[in-house]
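# Commentary on secondary and tertiary structure
Okay, here's what each chain looks like letter by letter:
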Amino acid sequence: MRKSLFAMLVMLMVSAVTFAKDIKTVVFTTTPQMHCENCENKIKNNLRFEKGVKEITTSVDNQTVTVKYDADKTTPDKIQQGFKKFGYEARQLKDGEKIKRDLNEQCDNM
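Residues numbered from 1 in each chain as written. Predicted model: local features only at pLDDT ≥ 70, side-chain atom pairs only at ≥ 80, totals over all residues. Heavy atoms only, no water.

## Some words on a positive patch on the surface
For the record, the criterion: Patch membership requires over 30% relative accessible area and the absence of a salt bridge. Like charges are linked within 9 Å, and nonpolar side chains (Val, Leu, Ile, Met, Phe, Trp, Tyr) within 5 Å. For accessible areas, the Shrake-Rupley method is used with a probe of radius 1.4 Å. Any residue's cover is judged against the shown protein chains and nothing else. Salt-bridge detection follows one rule: a side-chain nitrogen of Lys or Arg within 4 Å of a carboxyl oxygen of Asp or Glu. We score Asp and Glu as negative and Lys and Arg as positive, and we do not count His or the chain ends. By convention, the point assigned to a charge is CZ for Arg, NZ for Lys, CD for Glu and CG for Asp. Only runs of H or I of at least four residues qualify as helices and only runs of E of at least two qualify as strands under DSSP, and these elements are numbered from the N terminus. Residue exposure (1.4 Å probe, protein chains only): buried if accessible area is under 20% of the type maximum, exposed if over 50%, otherwise partly exposed.
Positive charge collects at one region of the surface, where K51, K54, K73 and K78 lie side by side. Looking at where K54 falls in the secondary structure, it is placed in strand β2 (residues 53-59). K54 gets classed as partly exposed once you look at its relative accessible area, which sits at 44%.

Spelled out as structure tokens, the structure:
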């Protein structure tokens, strides 16, 4: 009884490792910049349909779009191309890179 229970536990652990997803994170900035909640919602509501995207976090103050994605289903390049579908250009940020907010740029999403 103990041996079969142990064997089933080992098989369960092996299957969990086999089916584990490779979740990664990438940070983008956009052109045009985000100015308001409407800008953030436009990005979130459109980007969520890209294959493999799991979570999207935006920050107007930092001008960042942070995307958690399944690396088995997509790549940062494919996500970056997805921004074009709804009128944005995106650029992947390097670690620690900061973006200054352009207060003179007009918002088209108001």
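## What to know about the sheet that holds β2
Under the convention used in this document: The pairing criterion is simple: DSSP has to find at least two bridges between the two strands. Note on method: axes are straight lines fitted to C-alpha atoms, helices fitted across the in-contact stretch only, with angles between N-to-C directions ranging 0 to 180 degrees. Contacts are residue-level and defined by heavy atoms, with any inter-residue pair within 4.5 Å sufficient.
Reading across the sheet, the four strands line up as β2-β3-β1-β4 and stay open at both edges, with antiparallel pairing between neighbours. The open sheet has two edge strands with one neighbour each: β2 and β4 (89-92). Taking the axes of each pair of neighbouring strands and ignoring which way they run, one obtains an average angle of 30 degrees across the sheet. Against the sheet, helix α2 (residues 37-47) touches β1 (23-31), β2 and β3 (64-70), its axis set at about 170 degrees to β2.

## Re α2
Definition in use: Of all possible arcs, the one meant is that of the directions from the helix axis to the C-beta atoms.
All buried positions along α2 are accounted for by C39, E40, I43 and L47. Relative to the axis of α2, the buried residues are bounded by an arc of 100 degrees and lie together on one face. Buried residues in α2 make contact with β1, β2, β3 and α3 (76-83).

## Quick word on the pairing of β1
Bridge count for β1 against β3 is six bridges, and the pairing is antiparallel. Within the sheet, the bridge partner assigned to F28 lies in β3 and is V65. Sheet analysis places β1 next to β4, joined by four bridges and oriented antiparallel. What sits directly across from T30, in β4, is A90.

Take it as geometry only, folks, not as evidence of what the structure does.
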